[in-house]
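# Inside the fold
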Protein chains: 2
Amino acid sequence: MSSRFARRMDVMKASEIRELLKVTQRPEVISFGGGLPAPESFPIEEIKSVVTEVLEREGTRALQYSTTEGDPRLRAIIAQRMNSRLGTAVEADDILVTSGSQQGLDLTGKVMLDEGDEVLCESPTYLGAINALTAYRPRFVEVPTDDDGMIPAALEERLSHCNAAKLIYVIPTFQNPSGRTWSVERRIALLAAAARHGVTVIEDDPYGQLVYEGETPPSLASMAHGVPVVYLGTFSKIFCPGMRIGWLAAPRGIYEKYALVKQGADLHTSTFTQSALVGYLERHDIDAAIGRIRDLYRARRDAMLQALEAEFPPGVTWTRPRGGLFLWVTLPRHTNAREALVHALKRDVAFVPGGSFFPNGGHENTMRLNFSNMPEPRIREGMARLGAVLREMVAAAPAQNAAATP
Amino acid sequence: MSSRFARRMDVMKASEIRELLKVTQRPEVISFGGGLPAPESFPIEEIKSVVTEVLEREGTRALQYSTTEGDPRLRAIIAQRMNSRLGTAVEADDILVTSGSQQGLDLTGKVMLDEGDEVLCESPTYLGAINALTAYRPRFVEVPTDDDGMIPAALEERLSHCNAAKLIYVIPTFQNPSGRTWSVERRIALLAAAARHGVTVIEDDPYGQLVYEGETPPSLASMAHGVPVVYLGTFSKIFCPGMRIGWLAAPRGIYEKYALVKQGADLHTSTFTQSALVGYLERHDIDAAIGRIRDLYRARRDAMLQALEAEFPPGVTWTRPRGGLFLWVTLPRHTNAREALVHALKRDVAFVPGGSFFPNGGHENTMRLNFSNMPEPRIREGMARLGAVLREMVAAAPAQNAAATP
């Protein structure tokens with residue numbers, strides 16, 4: 001007898017890391033694990049008054065079924081904000097409101113992927129994208145990536161060996177998990193390669209507004225010039241994630257496909273949360289709020305970078321992100337980050353081992369650290385404990401690591 | 001070159017009916033089209049005070065990321081309500097909170113269906129289920145259905161001819177679109193057939209609490225005795241649809257698969273709306289509110305049934321639902337309901353032609369009428385206009401219809 005389940009369920013596995021990290025809900029745990037925003041940045045008072053107003057002014061509308069594409073007012077605000085911030089030329093009709101940008105990833109898989117199609121991605125890439133797309137059973141082709149983004153020659157080489165390359169999935173600004181930002185040149189090269197090979201580009205941009213220093217290169221969507229780029233955005237990192245509101249912007253001809261599958265997936269995103277967000281955006285200055293979030297996270301990033309210098313053993317390297325929520329640590333080659341996590345959890349410190357971010361495995365000597373969720377004293381304390389764990393591990397296997405480190 | 005899109009997009013078509021029905025958003029249109037609850041039933045004042053309280057008491061929690069399975073308090077309340085109302089024996093851990101029960105359908109397709117697998121369903125069945133499951137490219141096997149549910153001999157015959165029957169999808173109580181309710185005997189027969197053939201049953205129950213008369217037979221989930229039954233429920237029809245909160249209850253071993261795909265689909269359902277619903281359920285008597293909804297809809301159903309008697313031409317038949325939102329009209333064989341819709345829209349009346357509810361097509365002489373969304377005077381006015389349209393159509397083709405009607 002065949003299985004009760006679809007074949008795709010054979011490749012969808014519960015993450016053992018997720019099980020380990022369930023303990024991070026205990027308040028004593030210092031977590032560098034999830035990508036959680038700082039709860040003190042949530043505009044609770046503003047939301048309270050806005051929701052009251054929304055219910056008074058348009059209660060029946062805010063609680064009723066609505067259109068799949070999303071609240072027309074919200075779509076217009078999103079288009080206008082994209083255009084002024086990113087230099088795109090999108091209209092309200094190009095915007096599909098999603099239940100978080102995670103849903104944008106799921107819809108992408110559904111619209112684009114047949115079993116065996118190739119998805120090219122950065123190495124490492126976002127774990128949630130791997131999870132969402134795996135349900136559609138593609139083959140992930142990891143493209144070697146340095147501090148400036150995917151290496152163009154490597155991308156070209158990988159594309160030329162693909163049988164059915166459908167998507168290039170990238171997070172070009174303040175990447176998850178690495179914290180890296182692509183240079184303009186690499187962005188141009190990516191679009192050129194996508195055009196040559198007729199491949200759709202997915203630009204995932206949840207962190208682009210969380211800039212702590214420097215200029216951010218233009219978005220892929222703003223310089224696509226006919227290359228199909230689907231842009232994924234979210235309010236989770238600049239407003240609050242609990243409302244689950246994201247969006248995607250897609251060219252005509254692709255947009256309609258997304259709307260069709262969105263309807264089957266959940267009819268539409270909550271009218272209530274969309275109305276609340278519209279009320280907030282109309283009455284409050286979200287850019288001022290984002291400015292305060294930047295100041296908060298910049299200080300936390302700096303605290304973490306200082307602690308890395310002070311506490312982590314020699315032979316460990318890390319990225320210095322100019323924005324976003326994460327930095328990326330590379331341990332000596334034979335130091336296993338999963339094992340480090342087990343030790344760290346005993347001291348009530350959590351992080352995500354980096355191996356989870358490589359769809360084809362390996363790279364067990366890497367780790368992702370989140371710096372947005374914990375206040376600075378907790379960051380310093382947690383990094384001291386984590387540094388001690390790593391110093392002990394490296395000290396226990398010095399010869400092996402010395403031999404292996406180039 | 002292969003298509004930019006997945007093959008499944010070839011079979012996912014925008015509904016022309018949906019395009020036609022977009023006009024129902026004009027306030028002058030009397031709509032029997034959608035399955036919209038009466039907006040006057042939404043507890044706006046209660047939600048206003050509850051949301052304020054939630055934000056004051058647990059704002060950061062209500063706005064932060066949360067667990068995929070849902071708010072533990074909501075899962076516990078749902079389990080308790082299911083057990084007391086349906087006689088099930090589910091626990092909080094068996095409940096997965098979904099973004100509306102539409103998402104439960106999408107997750108079902110993802111967990112269960114490979115291309116070509118068979119889904120057995122009532123004939124007619126819920127359009128939204130057809131849309132959600134079509135993305136997974138099953139073969140729909142319609143099972144002949146009478147006023148008591150699927151006909152057991154026909155179900156057995158269809159099952160015996162299936163190659164890979166995976167699901168039997170049913171709405172046994174106040175069905176959409178027919179308004180029919182299965183007898184106990186038919187429910188028992190369905191479970192026995194599912195057990196013999198090793199097929200999972202999906203019991204979709206969005207309307208079960210909207211009872212206007214008589215006793216409702218026990219739910220399939222309450223008498224499954226080891227047959228895998230996945231129960232889909234929703235708060236859309238008894239609270240408000242704009243929050244998009246539904247749930248599913250699944251046996252262990254199946255539940256975990258749903259949680260896995262839910263995570264990839266949207267991480268979790270809005271924490272904010274879940275918290276608001278918990279607040280409402282803790283402070284207010286939802287059963288009293290459901291009682292008021294029943295009284296409201298019963299009167300509307302009666303108004304529609306009276307108008308059918310008075311206004312519709314001879315040769316037309318209809319169901320007399322004991323609950324739910326819909327009744328089902330069968331026109332003389334050669335009267336086309338899509339054509340009737342075009343005429344009706346010119347008189348500002350809308351409904352859904354019944355052909356859309358048959359996954360394999362046909363049955364163009366049927367229509368679904370919703371009676372929950374319009375007040376009684378509007379129901380009477382709309383039915384008078386619709387009756388005039390149908391009388392004209394039937395009069396224009398009397399010989400054809402007389403010859404065709406058995």
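Look up a bit, the structure's there.
All values reported here derive from a predicted model rather than from experimental measurement. (Residues numbered from 1 in each chain as written. Chains lettered and ligands numbered in written order. Predicted model: local features only at pLDDT ≥ 70, side-chain atom pairs only at ≥ 80, totals over all residues. Heavy atoms only, no water.)

### Brief notes about the interface of chain B and chain A
Note: interface size is frequently given as the accessible area lost on complex formation between the parts. Inclusion rule: The contact criterion used throughout is that any non-hydrogen atoms of two residues lie within 4.5 Å. Each of two parts loses accessible area, computed with a 1.4 Å probe, when they are put together; buried area is these two losses added. Salt bridge, as applied in this entry: a Lys or Arg side-chain nitrogen positioned within 4 Å of an Asp or Glu carboxyl oxygen. When residue character is reported, Ala, Val, Leu, Ile, Met, Phe, Trp, Tyr, Cys and Pro are called nonpolar, Asp, Glu, Lys and Arg charged, and the others, Gly included, polar.
At the interface, 74 residues of chain B touch 74 residues of chain A. If you sort the residues of chain B by the area they bury against chain A, Arg 4, Leu 63 and Tyr 65 of chain B come out on top, with a joint share of 12%. Viewed at the interface, chain A and chain B are joined by 6 salt bridges. As a salt-bridge pair, Glu 56 of chain A and Lys 48 of chain B come within 2.9 Å of each other at their nearest N and O atoms. Broken down by class, the residue content of the side of chain B that touches chain A amounts to 33 nonpolar, 26 polar and 15 charged.

### As for empty space enclosed by the protein
Test applied: A cavity, in this analysis, means grid points on a 1 Å lattice covering only the protein atoms where a 1.4 Å probe fits yet has no way out; a pocket is instead an open set bounded by protein on both sides within 12 Å along at least five of seven lines, and a residue lines either one if it has an atom within 4 Å of a point. Grid points are joined across faces, edges and corners, and a volume is the space filled by probe spheres set on the points.
What the rule picks out here adds up to 5 cavities of 30 Å³ or more. The computed volume of the largest cavity comes to approximately 90 Å³. In this structure, the largest cavity is lined by 15 residues; those nearest its centre are Ser 99, Arg 244 and Ser 270 of chain A together with Ser 99 and Ser 270 of chain B. In terms of residue class, the lining of the largest cavity is built from 2 nonpolar, 9 polar and 4 charged.

### Some remarks on the relation of the copies chain B and chain A
Defined as follows: Overlaid copies result from least-squares superposition on C-alpha atoms, with residues included only where pLDDT is at least 70 in both.
Overlay of chain B on chain A (RMSD 0.0 Å): rotation 180°, translation along the axis 0.0 Å. What the rotation and shift describe, once combined, is the action of a two-fold rotation axis. The share of interface residues of chain B whose copies in chain A are also at the interface is 100%, consistent with both copies meeting through the same surface.

### Description of the packing of helix 8 (residues 255–266) of chain A against helix 4 (residues 101–112) of chain B
Quick reminder of the rule: Note on method: axes are straight lines fitted to C-alpha atoms, helices fitted across the in-contact stretch only, with angles between N-to-C directions ranging 0 to 180 degrees. Every helix listed is a DSSP run of H or I at least four residues long, and every strand listed is a run of E at least two residues long, numbered separately from the N terminus. Put simply, angles under 35 degrees are roughly parallel, angles over 145 are roughly antiparallel, angles from 65 to 115 are roughly perpendicular, and the rest are oblique.
Axis separation between helix 8 of chain A and helix 4 of chain B bottoms out at 5 Å; the angle between their running directions is 105°. Taken together, the axis directions place helix 8 of chain A and helix 4 of chain B in an arrangement best described as roughly perpendicular. For the pair formed by helix 8 of chain A and helix 4 of chain B, the contact residues are Gln 263, Gly 264, Ala 265 and Asp 266 of chain A on the first element and Gln 102, Gln 103 and Asp 106 of chain B on the second.

### Observations concerning the packing of helix 11 (residues 337–346) of chain B against helix 12 (residues 376–396) of chain B
Residues and elements named next belong to chain B. Just so we agree on the cut-off: Handedness of each helix crossing follows the sense of rotation of the near helix against the far helix: counterclockwise by less than a right angle gives left-handed, clockwise gives right-handed.
The interhelical angle for the contact between helix 11 and helix 12, taken along N-to-C directions, is 130°, at an axis separation of 10 Å. As judged from the angle between their axes, helix 11 and helix 12 are oblique. Crossing handedness for the pair helix 11 and helix 12: right-handed. For the pair formed by helix 11 and helix 12, the contact residues are Glu 339, Ala 340, His 343 and Ala 344 on the first element and Leu 386, Val 389, Leu 390 and Met 393 on the second. Taken together, the residues that form the contact of helix 11 with helix 12 break down as 6 nonpolar, 1 polar and 1 charged.

### Some words on the nonpolar core
As a reminder, the rule being used: Only buried residues count toward a nonpolar core. Its members are Ala, Val, Leu, Ile, Met, Phe, Trp, Tyr and Cys residues joined through side-chain atoms within 4.5 Å. In this scheme, a residue with accessible area under 20% of its type's maximum is buried, one over 50% is exposed, and one in between is partly exposed, where area comes from a 1.4 Å probe on protein chains only.
Of all hydrophobic cores here, the largest spans 230 residues; its most connected members are Leu 369 of chain A together with Leu 369 of chain B. Setting aside residues no more than four positions away along its own chain, Leu 369 of chain B makes contact with Phe 32, Met 304, Leu 308, Phe 312, Leu 325, Phe 326, Leu 327, Val 329, Phe 351, Met 383 and Leu 386 of chain B. Judged by nonpolar contacts, the second largest core, of 23 residues, contains Ala 154, Ile 168, Val 199 and Val 201 of chain B.

### Some words on the pairing of strand 6 (residues 165–170) of chain B
Residue and element names in this part refer to chain B. Rules: Here, a strand pair is defined by DSSP locating no fewer than two bridges between the strands. Here is how to tell: hold the view so the strands point away, follow the path from the first strand over the helix to the second, and if it runs clockwise the crossover is right-handed.
Most of strand 6 is tucked away, with 6 of its 6 residues classed as buried. The pairing of strand 3 (residues 118–123) with strand 6 spans 4 bridges and is parallel. Among the inter-strand pairings, Val 119 is bridged to a residue of strand 6, identified as Leu 167. With 4 bridges joining them, strand 6 and strand 7 (residues 200–204) adopt parallel strand pairing. Counterpart to Tyr 169 in the pairing with strand 7 is Ile 202. You can see the chain leave strand 6, run along helix 7 (residues 184–197) and come back into strand 7, and the turn it takes is right-handed.

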